[in-house]
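# Structure assessment
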Amino acid sequence: MFKIGQYVVKANTGVCRISAITTYQVSSDDDDETLYYNLVPESDGRSVLFVPVDSEKSNMRRIMTNEEASAFIDRIPEIATAWIASDRLREQYYKDAIKSNRPEALVSIIKNLYIRNKEREEHGKKSTAIDDRYFHIAENVLYSELAIALGKGVSEIRDFIISAL
C-alpha cells in the first residue's frame, strides 16, 4: 500500500502524488465503503484521480529512486528500438507499451519515434498525429518520473535523453 505524499506513476497519466487515502460508498444501496487513493497528477495540479486501493487494474507503480533513475539512464543506449512497419500494429504496440507502465517500453517508443520523425523530416514529411500523440505521452510519463527522481527539470531530462539516443 502506498502512503500519503508518496509519488507514483500511473499508466497514461504519469507521475501523481497521493494527496489522501479516503473511503467512499460506491452506491447508496451498498453498505461497503471502498478505500481510494486520491491522486494529483504532476502535469495538472487541479485534477484529482480516485483509484481503488485494492484494484489490480490501477496499473500504478512507485516512482524510481535516484539510484534507480541514474542506472536506468545509463541503460538507455542498450534498450531496443521498437519498429513495426504496419501503422495499425504499431499503434497497438504503443498502446500496450504505455499501458504496461514500464520505463523500458517508454524509451523504446521514444527511440522509435525520434528516429522515425527525423527520417520523415529528411524526406519533407511531417510526423503523423498518432506518432505525435504517443511520443508526447511516452515523453511526459518518462521524463516527469526521471525529473522528480533526479531532482532536475523535465526539459533538462528531455535534452539528456535525446542526446543519448
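Scroll up for the structure.
Each value, and the rule that gives it
- Residues numbered from 1 in each chain as written.
- Predicted model: local features only at pLDDT ≥ 70, side-chain atom pairs only at ≥ 80, totals over all residues.
- Heavy atoms only, no water.
- Helix = DSSP H or I, 4+ residues; strand = E, 2+ residues; numbered from the N terminus.
- Expected span 1.5 Å × (residues − 1).
- Buried < 20%, exposed > 50% of the residue type's maximum accessible area, 1.4 Å probe, protein only.
- Contact = heavy atoms within 4.5 Å.
- Phe/Tyr/Trp six-rings, centres within 6.5 Å; stacked < 30°, edge-to-face > 60°.
- Patch = residues over 30% accessible without salt bridge, like charges linked within 9 Å, V, L, I, M, F, W, Y side chains within 5 Å.
- Areas by Shrake-Rupley, 256 points an atom, 1.4 Å probe, with all protein chains shown as cover.
- Salt bridge = Lys/Arg side-chain N within 4 Å of Asp/Glu carboxyl O.
- Axes fitted to C-alpha atoms, helices over the stretch in contact; angles between N-to-C directions.
- Parallel < 35°, antiparallel > 145°, perpendicular 65-115°, else oblique.
- Left-handed = near helix turned anticlockwise from the far one by under 90°.
- Nonpolar A, V, L, I, M, F, W, Y, C, P; charged D, E, K, R; others polar.

The next point concerns helix α3 (residues 103-122). Its 20 residues give α3 an end-to-end C-alpha distance of 29 Å, which sits within 8% of 28 Å, the value for a rise of 1.5 Å per residue. Inspection of α3 places P103, A105, L106, V107, S108, I109, I110, K111, N112, L113, R116 and N117 among the buried residues, and these make up the whole buried set. For α3, the secondary structure elements touched by its buried residues are β5 (60-62), α1 (66-75), α2 (87-100) and α4 (129-150). The first or second residue beyond α3 is G124, which carries a positive phi of 75°.

Here we come to the environment of R120. Relative to the helices and strands, R120 resides in helix α3. Using a relative accessible area of 21% as the deciding quantity, one classes R120 as partly exposed. Between the C-alpha atom of R120 and that of K99, which follows or precedes it by 21 residues, the distance is 27 Å. Setting aside residues no more than four positions away along its own chain, R120 makes contact with K125, K126, S127 and T128.

A separate point is the packing of aromatic side chains. Applying the stated criterion across every chain yields a total of 3 aromatic pairs. Taken together, the ring pairs in this structure connect Y93, Y94 and Y134 into an aromatic cluster.

Attention now moves to a nonpolar patch on the surface. Taken together, the side chains of Y24, V48 and F50 present a nonpolar region at the surface, about 270 Å² in accessible area. With respect to the helices and strands, Y24 occurs in strand β2 (residues 14-25).

We now examine the pattern of salt bridges. What the rule picks out here adds up to 6 salt bridges. Between R61 and E145 there is a salt bridge, and its shortest N-O distance comes to 2.7 Å. Remark: E145 occurs in helix α4 and R61 occurs in strand β5; sequence separation between them is 84 residues. The residues R61 and E145 share a single accessibility class, namely buried. For D131, the salt bridge is made with R116, and the minimal N-O distance between the two is 2.4 Å. Residue D131 is located in helix α4, and its partner R116 is located in helix α3; the two are separated by 15 residues in the primary sequence. The two residues D131 and R116 agree in class, both being buried.

Axis separation between α3 and α4 bottoms out at 9 Å; the angle between their running directions is 135°. By the angle class used here, α3 and α4 are oblique. The hand of the α3/α4 crossing is left-handed. When α3 is examined against α4, the residues P103, L106, V107, I109, I110, L113, Y114, R116 and N117 are found in contact with a partner set consisting of D131, D132, Y134, F135, A138, E139, V141, L142, Y143 and E145. Residues that form the contact of α3 with α4 fall into these classes: 13 nonpolar, 1 polar and 5 charged.

Two elements in contact, α4 and helix α5 (residues 154-164), have axes separated by 8 Å at closest approach and are oriented at 110°. On the basis of their axis angle, the class for α4 and α5 is roughly perpendicular. Viewed along their axes, α4 and α5 form a crossing whose handedness is right-handed. Residue-level inspection shows F135, E139, Y143, S144, L146, A147 and L150 of α4 in contact with α5, the latter providing V154, I157, R158, I161 and I162. By residue class, the composition of the contact of α4 with α5 is 9 nonpolar, 1 polar and 2 charged.

What follows is about the environment of N140. In this structure, N140 sits in helix α4. Along the sequence, N140 and R158 sit 18 residues apart, while their C-alpha atoms lie 9.5 Å from each other.

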